[in-house]
Amino acid sequence: MTSAVEAAPRAPQGAPFGAVLLDLDGCLIDSNDAHARAWSAALARFGRRVPAARLRGEIGKGGSEILRDLVTPAEHHLLAPAMGSLATELFLKAFPRVRPVPGAAAAVGAMRRAGIAIVLASSADREVVERAIARLRIEPSLLGFTSADDVKKAKPFHDVFALAIQRFRLAARRPVAVGDTPYDIAAAHQIGVPCLALRSGGFPERTLARADGVFDDLGDLWRNGRGLFAA
Amino acid sequence: MKKNSRRKKKSRSKGPELLGIHGLVFSSADPNALAERWSELTGSTPLRRSRREIVLGGPELFVTVRRSKKGSADSLEEVHMAVEEIGPTRKAAREDALGGDSWSRRVGEFVLVVRQFRRPPSRSWRRPRKPV
């Protein structure tokens, strides 16, 4: 595995960071495959056959954006909410089988103890975020969370991150986004926030090339990138 | 002046947020001819066809042509309107085959159907498609 020092030879602009906008899927829970399967099954119920493998690279975007190239504009306009609700319902059914990313919850606890403010900023629905927080038992370590339910446009748009910064007053704490997809990177960069990418979400290395640093997972980030934080 | 503004307010009742008209139902003595013409002009393809009716398109955008008595003129029977949230009218709404909750009321010569899409459509409304 590439070490953090190789991946990010220079500290990104804005470091040291005092706050983290943390993505959920692929960072804290190993759920990207389960999301792809849920979307594939949901679309099939609407008569659209899209293999989970085709959808895998779209996970990390909000539901509306996932559907944009897969359905007609009329379907998108009228059926996207119903398709999204069904995908969430199917994902929640599979949720008990989704595993946490090893060491991620512990890293969140360690960051918090070091004085870093952590806000979960996810494109998933509120119910998914709440279930994940409860499952990982990280609520005491979080300042709060924002989800797709709180914004009109989820990732790759910046709204989830911008809302988190505004709602939890993080601007003065030099926030950094931590995510596992190119959509996290794009969303963060839209508002001038650096983004550290994690390989734990299974996205190909080349898709994370624009990140301000790449680490194996959250545990690796805290072990090898500790110097990036104002701890 | 005051009276007028009050009247204006009253006439604008707060209804559900409209997404658009997504379906029309016509009756025709020659449904094949009307459906074919519609298809030529819009490119929408038949979803299903029976002696009684022809359905073009899919749940999100459809035209149904029902057979009427010989010699009768073509007429508009139903207008289907999609809304974001069926909201306060929900009590009167019923689950339908298109995957929505809907209610209907007669408006002059036609029936207005208001629908919120909430779930997958029934098999009869699913279009066979190539995988993406």
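What you see is a predicted model, and the numbers here were worked out from it, not measured in a lab. (Residues numbered from 1 in each chain as written. Chains lettered and ligands numbered in written order. Predicted model: local features only at pLDDT ≥ 70, side-chain atom pairs only at ≥ 80, totals over all residues.)

Draft legend 1. Expanded view of the overall build of chain B. Summing up its helical and strand segments, chain B has two helices and eight strands in all. In chain B, the succession of α and β elements from N to C terminus is α-β-α-β-β-β-β-β-β-β. For chain B, the proportion of its 132 residues judged to be buried stands at 27%. In chain B, once contacts between residues fewer than 6 apart in sequence are set aside, the share between residues at least 24 apart is 56%. (Helix = DSSP H or I, 4+ residues; strand = E, 2+ residues; numbered from the N terminus. Buried ≥ 20, exposed ≤ 12 C-beta atoms within 10 Å, placed from the backbone. Contact = placed C-beta atoms within 7 Å.)

Draft legend 2. View of the confidence of the model for chain A. Averaged over chain A, the pLDDT score is 93; the fraction of residues at 70 or greater is 95%. Of the regions scoring below 50 in pLDDT, residues 1-9 of chain A engages in 15 contacts with residues more than four places distant in sequence or in other chains. (pLDDT = per-residue confidence, 0-100.)

Draft legend 3. Local environment of the interface of chain B and chain A. Residue-level contacts link 15 residues of chain B with 16 residues of chain A. For the side of chain B that touches chain A, the per-class residue count stands at seven nonpolar, two polar and six charged. (Nonpolar A, V, L, I, M, F, W, Y, C, P; charged D, E, K, R; others polar.)

Draft legend 4. Local environment of the sheet that holds strand β2 (residues 117-121) of chain A. All names here are of chain A. Strand order across the open sheet formed by six strands is β3-β2-β1-β4-β5-β6, with parallel pairing between neighbours. The sheet is open, and its two edges are formed by β3 (144-146) and β6 (214-215), each paired on a single side. Bridge count for strand β1 (residues 19-22) against β2 is four bridges, and the pairing is parallel. The residue of β2 that forms the bridge with leucine 21 is valine 119. (Pairing = 2+ DSSP bridges.)

Draft legend 5. How the structure looks around the domain arrangement of chain A. Residue and element names in this part refer to chain A. Each assigned domain of chain A is listed with its residue range as follows: domain 1 (4-31 + 99-228) and domain 2 (32-97). When each unit is reduced to the centre of its C-alpha atoms, the spacing between domain 1 and domain 2 is 23 Å. At the interface, 19 residues of domain 1 touch 13 residues of domain 2. At three residues, helix α7 (residues 126-136) tops the list of elements feeding residues into the side of domain 1 that touches domain 2. Its residues assigned to classes, the side of domain 1 that touches domain 2 comprises five nonpolar, six polar and eight charged. (Domains from an automatic or database assignment.)

Draft legend 6. Spatial organisation of the pairing of strand β2 (residues 46-49) of chain B. Residue and element names in this part refer to chain B. Summarising the sheet, β2 and strand β3 (residues 53-58) pair through three bridges and their orientation is antiparallel. Bridge pairing in β3 places arginine 48 opposite valine 55. Counting the residues in the hairpin turn of β2 and β3 gives three residues.

Draft legend 7. Representation of the sheet that holds strand β4 (residues 61-67) of chain B. Residue and element names in this part refer to chain B. Strand order across the open sheet formed by eight strands is β2-β3-β4-β1-β5-β8-β7-β6, with mixed pairing between neighbours. Of all strands in the sheet, those bounded by a partner on one side alone are β2 and β6 (94-95). Both strand β5 (residues 75-83) and strand β8 (residues 110-117) contribute to a ladder of five bridges, which runs parallel. Of the residues in β8, the one forming a bridge with valine 79 is leucine 112.

Draft legend 8. Structural view of unusual backbone geometry. Residues and elements named next belong to chain A. Here the residue pair lysine 155 and proline 156 is connected by a cis peptide bond, since its omega of 15° sits within 30 degrees of zero. Tracing the backbone shows proline 156 in the loop between β3 and α8 (159-167). Its identity is not glycine, yet arginine 137 carries a phi of approximately 55°, on the positive side. Mapped onto the elements, arginine 137 comes out in the loop between α7 and β3. Classification of arginine 137 by C-beta neighbours within 10 Å gives exposed; the count is 12. A positive phi angle, close to 55°, is found at arginine 174, a residue other than glycine. Following the sequence through the fold, arginine 174 ends up in the loop between α8 and β4 (175-179). By C-beta crowding, arginine 174 is classed as partly exposed, having 17 other C-beta atoms within 10 Å.

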